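Structure assessment
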Amino acid sequence: MTVVVSIVLSCLLMVGFFFAIWEWARRIDNYALVDVGWAFGIGLTGLFWLLQSNGKPRHWVAAVMLAFWSFRLGGYLAKRVWKQHPREDSRYENLREIWKGKVPSSFFWFFQVQAVSVVVLAMPFLVIARDHSASLGRFEMLGVVVWLLGILGEGIADAQMSRFKAKNGSPSAVCEEGFWKYSRHPNYFFESLVWAGFYLFACGSQWGWVSIHAPAIIVYLLLFVTGIPPAEKAALQRKGDAYRRYQKTTSPFIPLPRRGVS
């Protein structure tokens, strides 16, 4: 199967997949399901390409890395959506206001944009799948190490936040435990490491470096679009001055020593 055919088929599969997710979201009136679809969609796209390869050890390692990330994140997001249902994430509540009077149709096209985005972001795995060398080189091994640091860090950060919420019922309480003492969004930082790991693994293949767009897009989204900005806005609305004090002392992204408050 040629590269072009692989990309076209994956796009068609994701269009159908996100249509099904949109229809489900429309029926339960909760469009936050798109986040769940996004995480699973990247995993399914990358696995679709990798499972067409000749099954060399490096392909299986990449498949395990991708599947673990996709199903861990997808499951975590699904649990969060069900727990908050019928309330949506503030991002989608804001979009409802913008698209008032044409909410279902506007979200339909929004979901289809996500279908294309997951194919674009999964490209490192297409590069890996097209490389038929068997052994794991230096780039692949480095990619595994960085990926593992990201996966472990993100899992620990999520667990720390879950424990904090379980023992602090007040919505105005600010988590300053574990990684959250050194970064306001350690989960986002470790997510960026996961994608750096994917990219480094792909760099072991010819032309792997061209997939730099995937981690770059993820970091841009986390820093400026769907990650930190809406999370900070929502935290300020719920926690007020307590969160403002937290902002003054704590790094927004990379875990760093805390700053003093003048």
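A few points on the structure. (Residues numbered from 1 in each chain as written. Predicted model: local features only at pLDDT ≥ 70, side-chain atom pairs only at ≥ 80, totals over all residues. Heavy atoms only, no water.)

In this fold, Gln-112 is placed in helix H5 (residues 103-121). In this structure, Gln-112 is in contact with Val-15, Phe-18 and Phe-19, ignoring residues within four places of it in sequence. (Helix = DSSP H or I, 4+ residues; strand = E, 2+ residues; numbered from the N terminus. Contact = heavy atoms within 4.5 Å.)

We now examine the packing of aromatic side chains. One pass over the full model with this rule turns up 28 aromatic pairs. Here the aromatic rings of Tyr-31 and Phe-107 are separated by 4.1 Å at their centres, their planes lie at 5°, and the arrangement is stacked. On the criterion of sequence distance, the pair formed by Tyr-31 in the loop between helix H1 (3-28) and helix H2 (33-50) and Phe-107 in helix H5 is long-range, its members being 76 residues apart. The class for Phe-107 is buried, based on a relative accessible area of 0%. Consider the rings of Trp-38 and Trp-69, whose centres lie 6.2 Å apart with planes at 75°: the pair is edge-to-face. Of this pair, Trp-38 sits in helix H2 while Trp-69 sits in helix H3 (residues 57-84), and the two are 31 residues apart along the sequence. Through a chain of ring-to-ring contacts, the aromatic side chains of Tyr-31, Tyr-92, Trp-99, Phe-107, Phe-110 and Phe-111 assemble into a single cluster. (Phe/Tyr/Trp six-rings, centres within 6.5 Å; stacked < 30°, edge-to-face > 60°. Buried < 20%, exposed > 50% of the residue type's maximum accessible area, 1.4 Å probe, protein only.)

Turning next to the pattern of salt bridges. Tallied over the full model, the rule gives 14 salt bridges. Arg-96 is paired through a salt bridge with Asp-29; the nearest N and O atoms lie 2.8 Å apart. Residue Arg-96 is found in helix H4 (residues 90-98), and its partner Asp-29 is found in the loop between H1 and H2; the two are separated by 67 residues along the sequence. In this structure, a network of salt bridges that share partners links the residues Glu-23, Arg-26 and Arg-27. (Salt bridge = Lys/Arg side-chain N within 4 Å of Asp/Glu carboxyl O.)

Turning our attention to a positive patch on the surface. Together, Lys-79, Arg-80, Lys-83, Arg-87, Lys-165 and Arg-238 line one region of the surface with positive charge. If you tally residues by element for the positive patch, the top one is H3, at 3 residues. Inspection of the secondary structure assignment puts Lys-79 in helix H3. (Patch = residues over 30% accessible without salt bridge, like charges linked within 9 Å, V, L, I, M, F, W, Y side chains within 5 Å. Areas by Shrake-Rupley, 256 points an atom, 1.4 Å probe, with all protein chains shown as cover. Lys, Arg positive; Asp, Glu negative; His and termini not counted. Charge placed at Lys NZ, Arg CZ, Asp CG, Glu CD.)

Topologically, Glu-154 is positioned in helix H7 (residues 138-167). Remark: the alpha-carbon pair of Glu-154 and Leu-193, spanning 39 residues in sequence, is separated by 9.3 Å.

It is worth spelling out empty space enclosed by the protein at this point. Taken as a whole and assessed by the stated rule, the structure comprises 1 cavity of 30 Å³ or more. For the largest cavity, the calculated volume is near 60 Å³. What lines the largest cavity is Asn-30, Ala-32, Asp-35, Arg-80, Val-81, Gln-84, Arg-87, Glu-88 and Asp-89. The greatest single-element share of the lining of the largest cavity, amounting to 3 residues, is contributed by H3. Partitioned by chemical class, the residues of the lining of the largest cavity number 2 nonpolar, 2 polar and 5 charged. (1 Å grid on protein atoms, 1.4 Å probe; cavity = no way out; pocket = protein on both sides within 12 Å on 5 of 7 lines; lining within 4 Å. Points joined across faces, edges and corners; volume = space filled by probe spheres on them. Nonpolar A, V, L, I, M, F, W, Y, C, P; charged D, E, K, R; others polar.)

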